[in-house]
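Listed here are the chains, written in short residue letters.
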Amino acid sequence: MPTIAEKILSEKAGKEEKVEAGEILECEVDYIMVNDITGVPAFEVFEELKLDEPMRKELMVVIQDHYVPNKDVDSAEQAKALRDYAQRYGIANYYEIGKEGSGICHQVMIEEGFAAPGRLIIGADSHTCSYGALGAFSTGIGSTEAAAALATGRLWFKVPATQKFVLDGELKRYVMGKDIILHIIGDIGVSGSLYKSQEFYGTTIRNMCLSDRITISNMAVEAGAKAGIIPPDEKVFELLRGRVRGDYKAVYADGNESEYEEVFEYNASEIVPTVAKPFSPENTVPASELDVPIDQAYLGSCTNGRIEDLRIAAELLKGKKISREVRMIVIPASKRVFEHALEEGLIKIFLEADAFVCGPTCGACLGGHMGVLASGERCISTTNRNFIGRMGHKDSEVYLANPAVVAASALEGRIIDPTELELWR
Amino acid sequence: MRIWKFGHNVDTDQIIPAEYLTTGNAKKLATHAFAKVRPEFSEEVKEGDVVMAGENFGCGSSREHAPRALLGAGISCVIARSFARIFFRNSINIGLHLIEADVFDRVEEGDEIEISFEVGMIRNNTKKEEYKFKPLPEFMQKLLDSGGLIPYIKKQKWELNK
């Protein structure tokens, strides 16, 4: 029997018969997302195509998020070019900074009701796999592919084999979705799911809040996966009520009947707050084993910039001061998250703890702006990549962790397991 | 064709660092290719040279700027044990040749090679060795032969054949 990935791709290709892993299909896509880095090349390539048919502009979602507010003249020109294209072609789904619904692209795609179960969504950003947490098959593509899909409404896909991940057990305090996915990547490696789709099951996943699930699906790509899908449940349907655009149909696998290439089982109650050391997300260790001084602490990104992430960090920072040696940066993932954080008093807590708080942007995560590191500097970060020079100078270092570890480390000035912090005080 | 040898898990941030992503122009991007890890690359690379790597080449970001930078630098082909999937698709879609072959331990930096795509053979002129490789799946080869996805669509009038 087919897996969720196989079912969605097969349906979108209009196939009656079962599709096999490795098969190449042409599928109808539900949405195409581009941002300010990948969008302009997509429109340029689209114009090169010069097909007679009208653009499938109703599928297109354009989000200004990477180098906004613009970091320099070049990025301003790029953002302007994207804005002009969106206007010229009449793209209704256009998100400008500061405006309603705006923010980091993947958060926007979820909040604005584009992502939904059973949908096939492509995005010219590798973390498009985030919407797997809502039961969608969503995956990162390039600008040329975005252009092709914009012209035809379709794209070619190789049906991936599926790996099943089963996580059971109750999570320890301060263990989050981030630790689950870092633990898995540490286990299978950054090419452990190359060309494959992941599906997540078990009591841990079922009991987990949607935000943590999104973190897991978001980082599926860091293991090389094409998609990271979680069967949708009431938590997903609840989120989508009054928000989702159009209809959707949840797609499920057939239990043990589905053909998984591999099955991985974890006792999640044994997973501890985990850190990925430079320069690879697979380079994982328990946070408690590290004693590394830091210069910067970063809380934000499509991986961990949601209200749940801000809440746990605020809980640790409340009434305290961040270490004098550390600059802490807090970037809510969207305007909505920012508003919630303001209403809940979290922003006040961050400011009083001496954190720098700013509106949504991807900037620092990819070494663009708003938190670039100098040579020799170290950052503990809730983001998704710790590659060489990812957040700045080639001799800077990024340590990946969950929001609680980042907040606790900001207080201590060195990487620490928040559980230890609690024991001391 | 000279070999530029890299390691395993070469990510797209290494191929083209994010700070240069304010243009999609291949020639401009090429001037910053491998800027952080091999600063001499963009100066010394010659038309036709080959990038050679281990596992999971091109992992990380979906930036098509990465294969564009390599094309712009004149790279004729990337040979790796395996490729990250988005990089793989992007390369084929823009017409950058890829070979998936397990020759990482046999080829060294600076080796001079020739590639015959028709026969599926890499000839190492420095080491006087030959390595076979499996051709790409038919559909992908067709895309590459057309020069990428856009020329392919134009040729096929894909949309009309629905």
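**Student:** Any chance you could explain the overall build of chain B here in plain terms?
**Tutor:** On a plain count of helices and strands, chain B comes out with seven helices and seven strands. The helix and strand sequence of chain B, counted from the amino end, reads β-α-α-α-β-α-β-α-β-β-β-β-α-α. In terms of C-alpha radius of gyration, chain B reaches 15 Å, essentially the compact-globule figure of 15 Å for 162 residues. Its C-alpha atoms give chain B principal-axis dimensions of about 50 × 40 × 25 Å. Counting only residues that meet the buried cut, chain B has 59% of its 162 residues in that class. For chain B, restricting intrachain contacts to residue pairs at least 6 apart in sequence, the fraction spanning at least 24 positions comes to 63%. When the accessible surface of chain B is summed, it comes to about 6600 Å², and 48% of that surface belongs to carbon and sulfur atoms. If you average the places of the 23 positive and of the 24 negative side-chain charges in chain B, the two averages end up 6 Å apart.

**Student:** Would you explain the confidence of the model for chain B in this entry?
**Tutor:** Fine structural detail should not be taken from predicted coordinates in areas where pLDDT scores are low. Mean pLDDT over chain B: 95, with 97% of residues reaching 70 or higher. The complex prediction reports pTM at 0.97, with the ipTM value standing at 0.94.

**Student:** In this structure, what is going on with the sheet that holds strand β8 (residues 162-168) of chain A? I would like to understand it.
**Tutor:** In sheet architecture, strand pairing relies on hydrogen bonds along the backbone and comes in two forms, parallel and antiparallel. Residues and elements named next belong to chain A. Spatially, four strands are ordered β10-β9-β8-β11 in an open sheet, and the strand pairing comes out parallel. Lying at the two open borders of the sheet, with one neighbouring strand each, are β10 (227-229) and β11 (262-267). Recorded for the sheet is a direction-independent mean angle of 20° between the axes of neighbouring strands. Summarising the sheet, β8 and strand β9 (residues 197-201) pair through five bridges and their orientation is parallel. The partner of Val166 across the bridge, within β9, is Tyr201. Across the sheet, helix α1 (residues 4-12) touches β8, β9 and β10, and the angle it forms with β9 is around 125°.

**Student:** How should the packing of aromatic side chains be read in this particular structure?
**Tutor:** In this description, an aromatic ring pair is defined by two values, namely the gap between the centres and the angle between the planes. All told, the structure shown has 22 aromatic pairs over all chains when counted by the stated rule. Ring centres of B:Phe6 and B:Phe41 lie 6.4 Å apart, and the angle between their planes is 65°; on these two criteria the pair is classed as edge-to-face. Of this pair, B:Phe6 sits in the loop between β1 (3-5) and α1 (12-15) while B:Phe41 sits in helix α3 (residues 41-44); the two residues are 35 residues apart in sequence, bridging distant segments of the chain. Residues B:Phe6 and B:Phe41 agree in their burial class; the two are buried. Pairing B:Phe83 with B:Phe88 gives two aromatic rings, centres 6.1 Å apart and planes at 50°, and the pair type is tilted. Residue B:Phe83 is classed as buried on the basis of its relative accessible area of 0%. An aromatic cluster of three or more residues is present, and its members are A:Tyr195, B:Phe57, B:Phe83, B:Phe87 and B:Phe88. Here the guanidinium or amino end of B:Arg89 rests over the ring plane of A:Trp156, the centre of that ring lying 4.1 Å away. Above the face of the A:Phe157 ring, B:Arg89 is positioned so that its terminal group lies 5.4 Å from the ring centre.

**Student:** Please clarify how the sheet that holds strand β4 (residues 97-100) of chain B should be interpreted in this entry.
**Tutor:** All names here are of chain B. One open sheet holds the four strands; their spatial order is β1-β2-β3-β4, and the pairing between them is parallel. Either end of the sheet is taken by a strand with one partner, and the two such strands are β1 and β4. Neighbour-to-neighbour, the strand axes of this sheet turn through a mean angle of 20°, independent of strand direction. Bridge count for strand β3 (residues 77-80) against β4 is four bridges, and the pairing is parallel. Residue pairing across strands places Ile79 opposite Ile99, the latter belonging to β4.

**Student:** Where do I start with the interface of chain A and chain B in this structure?
**Tutor:** How big an interface is tends to be reported as the loss of accessible area on association of its parts. Each partner contributes to the interface: chain A provides 49 residues, whereas chain B provides 44 residues. Each partner contributes to the roughly 4100 Å² buried at the junction of chain A and chain B, and carbon and sulfur atoms together form 58% of this total. The largest share of the area that chain A buries against chain B comes from A:Thr144, A:Trp156 and A:Tyr195, three residues that together contribute 17% of it. Summed over the shared surface of chain A and chain B, the number is two salt bridges. Here B:Asp13 ties to A:Arg390 by a salt bridge, and the two come within 2.8 Å at their closest N and O atoms. Linking chain A to chain B there are 21 residue pairs in polar contact (both at pLDDT 80 or more). Those elements that provide at least two residues to the side of chain A that touches chain B are β1 (24-28), α2 (39-49), α3 (73-88), β6 (137-140), α5 (143-152) and β7 (154-158) of chain A.

**Student:** Before we go on, may I ask you to explain the side chain of A:Asn384 in this structure?
**Tutor:** Residue and element names in this part refer to chain A. Topologically, Asn384 is positioned in the loop between β17 (378-381) and β18 (397-400). Classification of Asn384 by relative accessible area gives buried; the value is 0%. There is a polar contact of 2.8 Å between the side chain of Asn384 and the side chain of Thr303. In this view, Asn384 contacts His127, Asn218, Met219, Glu222, Pro281, Cys302, Thr303, Cys365, Arg390 and Leu400; residues no more than four positions away in its chain are not counted.

**Student:** What should I look at first to understand the nonpolar core in this one?
**Tutor:** Note on soluble globular proteins: their nonpolar side chains tend to be buried together. Of all hydrophobic cores here, the largest spans 91 residues; its most connected members are B:Phe34, B:Phe41 and B:Phe57. Domain assignment of the residues forming this core places at least three in each of domain 1 (4-266) and domain 2 (274-424) of chain A. For B:Phe34, the contacting residues outside a window of four places in its chain are B:Phe6, B:Val10, B:Gln14, B:Ile15, B:Pro39, B:Phe41, B:Val51, B:Phe57 and B:Leu70. Core analysis: the second largest hydrophobic core is formed by 53 residues, A:Ile205, A:Phe264, A:Ile331 and A:Val398 among them.

**Student:** Even after reading the chapter, I still don't get the pattern of salt bridges, so can you show me in this structure?
**Tutor:** A pair can form between side chains of opposite charge whenever their charged atoms are brought close. Residues and elements named next belong to chain B. Under the counting rule described, the total for this entry stands at 40 salt bridges over all chains. Across the pair Glu40 and Arg38 runs a salt bridge whose closest N-O atoms are separated by 3.0 Å. Overall, the relative accessible area of 15% leaves Arg38 in the buried class. Lys127 is paired through a salt bridge with Asp111; the nearest N and O atoms lie 2.8 Å apart. Residue Lys127 is found in the loop between β6 (121-124) and β7 (129-132), and its partner Asp111 is found in the loop between β4 and β5 (113-116); the two are separated by 16 residues along the sequence. By relative accessible area, which is 4% here, Asp111 ends up buried.

**Student:** How should I be thinking about the packing of α2(A) against α3(A) in this particular structure?
**Tutor:** In helix packing, the relevant descriptors are the interaxial angle and the interaxial distance, both defined with respect to the helix axes. Residue and element names in this part refer to chain A. At a closest axis distance of 9 Å, the pairing of α2 and α3 adopts a crossing angle of 50°. In terms of orientation, α2 and α3 fall into the oblique class. When the axes of α2 and α3 are compared, the crossing they make is left-handed. Contact with α2, carried on its side by Gly39, Val40, Phe43, Glu44 and Glu47, involves Gln78, Ala81, Leu82, Tyr85 and Arg88 of α3 and no other residues of that element. The residue inventory of the contact of α2 with α3, partitioned by class, reads five nonpolar, two polar and three charged.

Parameters and conventions
Position labels on residues start from 1 in each chain and follow its written sequence. Both sets of labels track the order of writing: A upward for chains, 1 upward for ligands. Restriction of local features to residues with pLDDT of at least 70 applies here, the model being predicted, together with a cutoff of 80 or more for giving and counting side-chain atom pairs; totals for whole chains, interfaces and linings are based on all residues. As a convention, hydrogens and water are excluded, and side-chain values are obtained from all of the structure's heavy atoms. Here a helix means four or more residues in a row that DSSP labels H or I, a strand means two or more in a row labelled E, and each is numbered from the N terminus. Here the radius of gyration uses the C-alpha set of atoms, whereas the globule reference equals 2.2 Å times the residue count to the power 0.38. The rule is simple: take the accessible area with a 1.4 Å probe, protein chains only, and divide by the maximum for that residue type; under 20% is buried, over 50% is exposed, in between is partly exposed. We call two residues contacting when some pair of their heavy atoms lies within 4.5 Å. All accessible areas in this document rest on Shrake-Rupley with a 1.4 Å probe, and a residue is counted as covered only by the protein chains that are shown. Charged residues are defined narrowly, with Lys and Arg counted positive, Asp and Glu counted negative, and His plus the chain ends left uncounted. To locate a charge, take NZ of a lysine, CZ of an arginine, CG of an aspartate or CD of a glutamate. Summary of the metric used: pLDDT quantifies the predictor's per-residue confidence within the range 0 to 100. DSSP bridges decide pairing: two strands pair if at least two such bridges lie between them. Note on method: axes are straight lines fitted to C-alpha atoms, helices fitted across the in-contact stretch only, with angles between N-to-C directions ranging 0 to 180 degrees. Pairing of aromatic side chains here covers Phe, Tyr and the six-membered ring of Trp, requires ring centres within 6.5 Å, and sorts the geometry by plane angle: under 30 degrees stacked, over 60 edge-to-face, intermediate tilted. Geometrically, a lysine NZ or arginine CZ counts as sitting over a ring once it is within 6 Å of the ring centre and also within 35 degrees of the ring normal. Buried area is understood as the total, over both parts, of accessible area removed when two parts are fitted together, assessed with a 1.4 Å probe. In what follows, salt bridge is the name for a side-chain nitrogen of Lys or Arg lying within 4 Å of a carboxyl oxygen of Asp or Glu. Within 3.5 Å is the distance limit for a polar contact, defined as a pair of N or O atoms, with the added protein rule that one can donate a hydrogen and the other accept it, and that residues adjacent in sequence qualify only through two side-chain atoms. To qualify as a nonpolar core, a set must consist of buried Ala, Val, Leu, Ile, Met, Phe, Trp, Tyr and Cys residues joined through side-chain atoms within 4.5 Å. Either an automatic procedure or a domain database provided the assignment from which the domain bounds are taken. Under this scheme an angle from 65 to 115 degrees is roughly perpendicular, one under 35 degrees roughly parallel, and one over 145 degrees roughly antiparallel; angles in between are oblique. Crossing handedness follows the turn of the near helix against the far one: under a right angle anticlockwise gives a left-handed crossing, and clockwise gives a right-handed one. Gly falls in the polar group here, along with every residue not listed as nonpolar (Ala, Val, Leu, Ile, Met, Phe, Trp, Tyr, Cys, Pro) or charged (Asp, Glu, Lys, Arg).

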